[in-house]
Amino acid sequence: MMNAFYAIGYMILAPFLGGLIAGIDRKITARMQGRVGPPILQPFYDVLKLFEKEKVVVTRSQNYYVLCYVVFMVFTGALFFSGGDILLVVFALTLSHIFLILGAYASNSPYSYIGAERELLQVMAFEPMIVIATIGMYMVTKLAIPKGSFYVSDIASLTIPLILYLPGIFLGLIYVITIKLRKSPFDLSTSHHAHQEIVKGVTTEFSGSTLGRIEVAHWYETVLLLAFVYLFFSFNPLMGVIAVLLVYLLEIFIDNNYPRVKWQMLLKSSWLVALILGMANIALLYYVRGV
Amino acid sequence: MPYLKKSPWIIHYDASSCNGCDIEVLACLTPMYDVERFGIVNTGNPKHADIFVITGSINEQNVEVVKNIYHQMPEPKVVVAVGICATSGGVFQECYNIKGGVDKVIPVDVYVPGCAARPESIIDGIVKALGILEKRKEEHMKKAVEAKQ
Ligand code: SF4
C-alpha cells in the first residue's frame with residue numbers, strides 16, 4: 001500500500017521537483033559564471049511555452065517514440081519508488097533511452113543522427129557502472145537478509161550504512177551520473193548550453209510540445225537518479241538529503257569547469273572507473289565480508 | 001498565458017555581416033548584459049527558436065539559407081534585423097553581390113539600427129519583438145481553430 005503511494009507521489013511530484021532543480025541549477029550556473037541568471041521558475045516557463053508552439057513533424061513515428069520515451073521514463077521511476085526490482089529499473093531506464101534514440105534516428109537528419117549515435121555511446125558508457133552498483137547493493141543486502149535481495153524496498157530499509165560498504169561504487173556512480181544528467185564534460189549527444197557543433201544533437205528535429213515532453217522526461221530522470229544517490233544513505237534520511245544536495249552541487253561545479261570530451265575519452269574513462277572503482281569494491285566486499 | 005514572452009529562444013544567423021554586429025549579439029550573452037535574465041537563450045537550432053536574429057545584409061548566395069531557416073522555425077515566430085546592414089544593406093548596398101536588407105527575402109518585424117548595433121539596442125529590439133510574438137500567437141491560434149472547423 002505504502003509503496004503504491006510512493007509511486008503515485010513520484011508520478012505527480014517529480015516533474016515539479018525536477019523542474020525546480022533545473023531552475024536552481026541554471027541560477028547557480030549563472031552565478032558561477034558571474035551572471036545574474038534566469039528566474040528559478042524559468043524551466044517551467046520554457047516547457048509551457050513549448051506546449052504553446054507549433055509542432056513541426058518530420059516523420060510521424062518520431063512522436064510515438066518520444067511518447068514511449070516519456071512513458072517508460074515515468075514507469076522506471078514509478079518502479080523504483082514502489083520498491084521494485086532494481087535490475088529491472090536499470091534496464092527499463094535503458095529501454096526508455098533507446099526510444100529517444102529511435103526517435104532521433106527516425107527523423108533522418110544528419111544532426112540528430114550524430115546525436116543519436118552519441119546517445120548510444122553514452123548509454124554504453126553508463127551501463128556497466130550502474131549494473132555493478134546494483135550488484136554491490138545486492139551483496140550488501142545479503143548481510144542483513146539471508147538470501148539477499150534486488151528489491152529497492154529491501155535496500156532502502158537496510159539499517160547498515162550502504163555507503164560504508166560501497167564507497168568505490170558510490171564514487172563511480174557519481175562519475176557516470178554526469179552522463180545521464182547531460183552535464184559537461186559528458187554532454188555529447190545534447191546539452192542545455194549552446195554548443196553549436198551538432199546543433200542540438202538528439203533533440204534537433206523535435207519542436208513544440210514534443211520537445212517539451214523530452215524536457216519533462218528529463219526532469220523525471222533527474223529525480224530518479226538523485227533517488228539512486230539517496231539509496232546509499234537511506235539509513236539516515238537527513239544525511240541522505242544532504243548527500244543528494246552535495247552531489248548535485250558537485251555536478252554543477254563539474255559542468256562549469258570541464259570542457260566537453262570526445263566520445264573515446266567518455267567510453268574509456270567510464271569503463272575504467274567501472275572496472276577499477278566498481279569491481280575493486282565488489283572484490284573487496286567478497287574477500288573481506290565473504291558475501 | 002503569456003509564456004512566450006518569458007522564454008524567447010533565439011537563433012542568430014550571420015548573413016554577410018562584417019562581424020561587428022555578431023560580436024555585439026554575443027556581447028548580450030556575457031555577464032555584463034546577461035540576456036538569460038529574461039529567459040533568452042541562444043539555441044542555434046531553427047526548430048527550437050522563436051526569434052530569428054539576423055545580422056548583415058543578404059547576398060546572392062545566402063538567400064536560400066535565410067529562407068530555409070525562416071521556414072524551419074515553428075509558428076509563432078518573429079524576425080529581428082540587427083545592424084544597418086540587415087535593415088537596408090548599409091555601406092555594402094551598392095556591392096555587386098548584395099541584394100539588400102533582410103526584408104528583401106523574408107518579412108522583418110523589428111529593425112535595430114546602428115553600425116554596429118549596441119547591445120542595449122539589440123536587447124531593446126528583442127523586447128519589442130516579444131510584444132509582436134504575443135500577437136502572432138493569437139493570430140496563429142485563430143488560424144488553427146479555423147483550420148479545424
Ligand atoms: S551594421 Fe556595421 S557593424 Fe553591423 S554588420 Fe554592417 S557594417 Fe558590420
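Coordinates for the structure precede this section.
Keep in mind that what you see is a predicted model, and the values were worked out from it rather than measured.

Caption draft 1: Region of the structure containing the nonpolar core. Ranked by internal contacts, the top residues of the largest apolar core, which has 74 residues, are Phe80(A), Met137(A), Leu166(A) and Phe232(A). Of the residues forming this core, the biggest block, 13 residues, is contributed by helix α9 (residues 208–231) of chain A. When sequence neighbours within four positions are dropped, the list of residues in contact with Phe80(A) reads Ile86(A), Val89(A), Val152(A), Leu224(A), Ala227(A), Phe228(A) and Leu231(A). By size, the runner-up hydrophobic cluster in this structure holds 22 residues, among which are Cys21(B), Val25(B), Val78(B) and Ala117(B).

Caption draft 2: Representation of the site of the ligand within the structure. Within the structure, the ligand sits among Ser17(B), Cys18(B), Gly20(B), Cys21(B), Gly83(B), Ile84(B), Cys85(B), Phe92(B), Gly114(B), Cys115(B) and Ala116(B). Those elements that provide at least two residues to the shell around the ligand are α1 (20–27) and α3 (84–88) of chain B.

Caption draft 3: Main features of the interface of chain B and chain A. Tallying the contact residues gives 27 residues for chain B and 29 residues for chain A. Of the roughly 2400 Å² buried between chain B and chain A, counting both surfaces, carbon and sulfur atoms make up 54%. The largest per-residue losses of area from chain B upon contact with chain A belong to Tyr3(B), Glu36(B) and Lys47(B), which jointly make up 25% of the total buried on that side. Our enumeration of links across chain B and chain A arrives at 7 salt bridges.

Caption draft 4: Inspection of the sheet that holds strand β5 (residues 78–82) of chain B at higher detail. Residues and elements named next belong to chain B. The 5 strands are arranged β2-β1-β3-β5-β7 in an open sheet whose pairing can be described as parallel. The outermost strands of the open sheet, each flanked by one partner alone, are β2 (41–42) and β7 (110–112). In this sheet, strand β3 (residues 51–55) lies alongside strand β1 (residues 9–14) in parallel orientation, the contact comprising 5 bridges. Its bridge partner being in β3, His-12 is matched across the sheet by Val-53. Of the strands in this sheet, β1, β2, β3 and β5 touch α1, which is tilted by about 140° from β3. Across the sheet, helix α4 (residues 119–148) is in contact with β3, β5 and β7; its angle to β7 comes to roughly 180°.

Here is what the cut-offs are and how they apply
- Residues numbered from 1 in each chain as written.
- Chains lettered and ligands numbered in written order.
- Predicted model: local features only at pLDDT ≥ 70, side-chain atom pairs only at ≥ 80, totals over all residues.
- Heavy atoms only, no water.
- Core = buried A, V, L, I, M, F, W, Y, C linked by side-chain atoms within 4.5 Å.
- Buried < 20%, exposed > 50% of the residue type's maximum accessible area, 1.4 Å probe, protein only.
- Helix = DSSP H or I, 4+ residues; strand = E, 2+ residues; numbered from the N terminus.
- Contact = heavy atoms within 4.5 Å.
- Near = heavy atom within 4 Å.
- Buried area = accessible area lost by both parts, 1.4 Å probe.
- Salt bridge = Lys/Arg side-chain N within 4 Å of Asp/Glu carboxyl O.
- Pairing = 2+ DSSP bridges.
- Axes fitted to C-alpha atoms, helices over the stretch in contact; angles between N-to-C directions.

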